[in-house]
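# Observations on chain architecture
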Amino acid sequence: MLAGKNIIVGITGSIAAYKAALLVRLFVKNNAQVRVVMTDSAKQFVGELTFSNLSQAPVFSGLWDGAWTEHVHLGAWADLLIVAPASANTLAKMAHGICDNALLAVILSAKCPVMVAPAMDLDMYQHPSTLRNLAQLQADGVQVLQAGTGFLASGLHGEGRMAEPEDIFSAALSALSPKPLAGKRVLISAGPTREPIDPVRFISNGSTGTMGFALAQQATLLGAKVTVVAGPMGAQPERGLEVHKVNTAEEMFEAMTSRSGSHDIVIMTAAVGDYQPLEVSPIKIKKGDENLVLTLGRTRDILKHLGDHKPNGQLLVGFALETNDEEAHALGKMERKQLDFIVLNSLRDSGAGFGSTTNKVTLYSRKGEKHSFALKDKNAVAADIWSVLCNAIEK
């Protein structure tokens, strides 16, 4: 995801310095080139050896280590500089342009975006001088990540915890991603629906919502404002997304159709139930000696309605999970429901479909284009899908 990107991770004196190791690992795992710059105080918490091994590069911590112009070279090399953890002391020095260690020299030399993840005790974080310094950094164009709330090293509970490595990683991805969807509004459905039989039983399917939320996260990275209508599922909503939770197909119909007209791109990944019990028992159905017979009726077709009422210029995308005659069924669905694209996956492909972290898809367009992709992690699949859609938008 970050192949070809150069990232500097600056580490300052804070107990949260151990979390920076996890952050560096995330960057390296995603193919970024990482250089770590540490203050002397940071080395009181975590050693240089940890970070040189994780980054596979020497740690820069002294202005007189090696070439005295190293700070200038690093500042020009980086695509992104992240200070995590950022102590109150370092934030104050950054806000006032002080340069008395290697990290501050690199920051002043940086030609790339700079991001800080504050980490300190509650009273220090809320002190007027710290708040003033953070405001000054934001005015200077530094992206300040919100500190978390929880138990602190002092034993107090409150705001001041460094943002979690996964959240910092997501912020870095967003900062480094191109923004072809800037200004676009995207509506995505995700997960299954549940059609109740009685107060404790329902008809549903194995969708987890993972694919829908992967698409939503990728759209956010590409600059879109994203709304997700989500059925009950195992996937956890990503921060920064507007999420509306529903249960039944009828609830999803109302949520999607009431919002679709104001969005530029609508993607239906949800596995919506096609049938629902015509009668729902108000009390739990007790087990008897006879077989239980359920009479099912059709649910309203959300995607067909969206296709019939699609505004001019809107891009409408559907999904088709098939078990046989896959291409014919997918192309027929695209035609019947007036879709611009349909994403096909088959349960005959190992690793594709519900409940898996991977997927294998083929995209078809109304213009006759076909794009096939190999089995990949669902986040990578989402990136592939958006690459096709963004290309279509640009045309």
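Each remark here, short or long, concerns the structure printed above.
The paragraphs below set out a description of the structure included in this document.

Reading the values: rules and limits
- Residues numbered from 1 in each chain as written.
- Predicted model: local features only at pLDDT ≥ 70, side-chain atom pairs only at ≥ 80, totals over all residues.
- Heavy atoms only, no water.
- Patch = residues over 30% accessible without salt bridge, like charges linked within 9 Å, V, L, I, M, F, W, Y side chains within 5 Å.
- Areas by Shrake-Rupley, 256 points an atom, 1.4 Å probe, with all protein chains shown as cover.
- Salt bridge = Lys/Arg side-chain N within 4 Å of Asp/Glu carboxyl O.
- Helix = DSSP H or I, 4+ residues; strand = E, 2+ residues; numbered from the N terminus.
- Pairing = 2+ DSSP bridges.
- Axes fitted to C-alpha atoms, helices over the stretch in contact; angles between N-to-C directions.
- Core = buried A, V, L, I, M, F, W, Y, C linked by side-chain atoms within 4.5 Å.
- Buried < 20%, exposed > 50% of the residue type's maximum accessible area, 1.4 Å probe, protein only.
- Contact = heavy atoms within 4.5 Å.
- Polar contact = N/O pair within 3.5 Å; in protein donor to acceptor, adjacent residues only side chain to side chain.
- Arc of directions from axis to C-beta.
- Parallel < 35°, antiparallel > 145°, perpendicular 65-115°, else oblique.
- Left-handed = near helix turned anticlockwise from the far one by under 90°.
- Nonpolar A, V, L, I, M, F, W, Y, C, P; charged D, E, K, R; others polar.
- Right-handed = clockwise from strand over helix to strand, strands pointing away.

In this section: a nonpolar patch on the surface. Where nonpolar side chains cluster on the molecular surface, the patch consists of Y275, L292, L294 and L296 and spans about 380 Å² of accessible area. Inspection of the secondary structure assignment puts L296 in strand β15 (residues 296-298).

What follows is about the pattern of salt bridges. Applying the stated criterion across every chain yields a total of 15 salt bridges. Note that E164 is salt-bridged to R161, the shortest N-O span being 3.5 Å. Each of the salt bridges in this network shares a partner with another, and the network as a whole consists of K19, R161 and E164.

A word on the sheet that holds strand β20 (residues 370-372). Across the sheet, which stays open at both edges, the 8 strands sit in the order β12-β11-β8-β13-β16-β17-β19-β20 with mixed pairing between neighbours. On the outer flanks of this sheet lie β12 (242-245) and β20, each paired with one strand and no other. Going from strand to strand, the sheet's axes swing by 15° on average, the running direction of each strand aside. Taken together, the 4 bridges between strand β13 (residues 265-268) and strand β16 (residues 315-322) define a ladder with parallel strand orientation. The partner of M268 across the bridge, within β16, is G318.

Turning our attention to the nonpolar core. By size, the foremost hydrophobic cluster in this structure holds 35 residues, and its most contacted members are I11, F27, F51, I82 and I168. Of all the elements in the fold, those that place two or more residues in this core are β1 (6-11), α1 (17-29), β2 (33-38), β3 (80-86), β4 (114-118) and α8 (165-176). Leave out the neighbours within four places in its chain, and I82 touches I7, I8, V9, G10, F27, M115, I168 and A172. Formed by 33 residues, the second largest nonpolar core is a distinct cluster that contains F213, A219, V317 and F319.

Attention shifts here to the side chain of E70. Mapped onto the fold, E70 is located in helix α3 (residues 70-77). One polar contact links E70 to R35, side chain to side chain, over a distance of 3.4 Å. Beyond its immediate sequence surroundings of up to four residues, E70 is in contact with R35 and F60.

Spatial strand order, β2-β1-β3-β4-β5: 5 strands in an open sheet with parallel pairing. The open sheet is flanked by β2 and β5 (143-144), the only strands paired with a single partner. Here β3 pairs with β4 via 4 bridges, running parallel. Counterpart to V83 in the pairing with β4 is V116.

Every buried residue belonging to α3 is among E70, H71, L74 and G75, and all of these are buried. What you see down the axis of α3 is that its buried residues fit within an arc of 135°, all on one side. Where α3 is buried, its residues touch β1, β2 and α5 (102-109).

Attention shifts here to the environment of V28. Summarising the element assignment, V28 is placed in helix α1. Using a relative accessible area of 24% as the deciding quantity, one classes V28 as partly exposed. As for V28 and Q56, which are separated by 28 residues in sequence, their C-alpha atoms are 9.0 Å apart. If we ignore the near neighbours within four places in the chain, the residues touching V28 are V34, L54 and S55.

Contact geometry for helix α9 (residues 210-221) and helix α13 (residues 378-394): axes closest at 8 Å, N-to-C directions at 55°. What the angle tells us is that α9 and α13 run oblique. Read as a crossing pair, α9 and α13 show a hand that is right-handed. Across the interface between the two elements, T210, M211, A214, L215, Q217, Q218 and A219 from α9 touch K378, N379, V381, A382, A383, I385 and W386 from α13. Residue composition of the contact of α9 with α13, grouped by class: 9 nonpolar, 4 polar and 1 charged.

Turning to its location among the elements, H371 is positioned in strand β20. Considered as a pair, H371 and V361 are 10 residues apart in the sequence and their alpha carbons are 8.5 Å apart. In this structure H371 touches V361, T362, L363 and V388, once residues within four positions along its chain are discounted.

With 7 of 8 residues buried, β16 is to be regarded as a mostly interior element. Both β16 and strand β17 (residues 341-346) contribute to a ladder of 6 bridges, which runs parallel. Among the inter-strand pairings, A320 is bridged to a residue of β17, identified as L344. The parallel pair β16 and β17, bridged by helix α12 (residues 326-336), forms a crossover whose chirality is right-handed.

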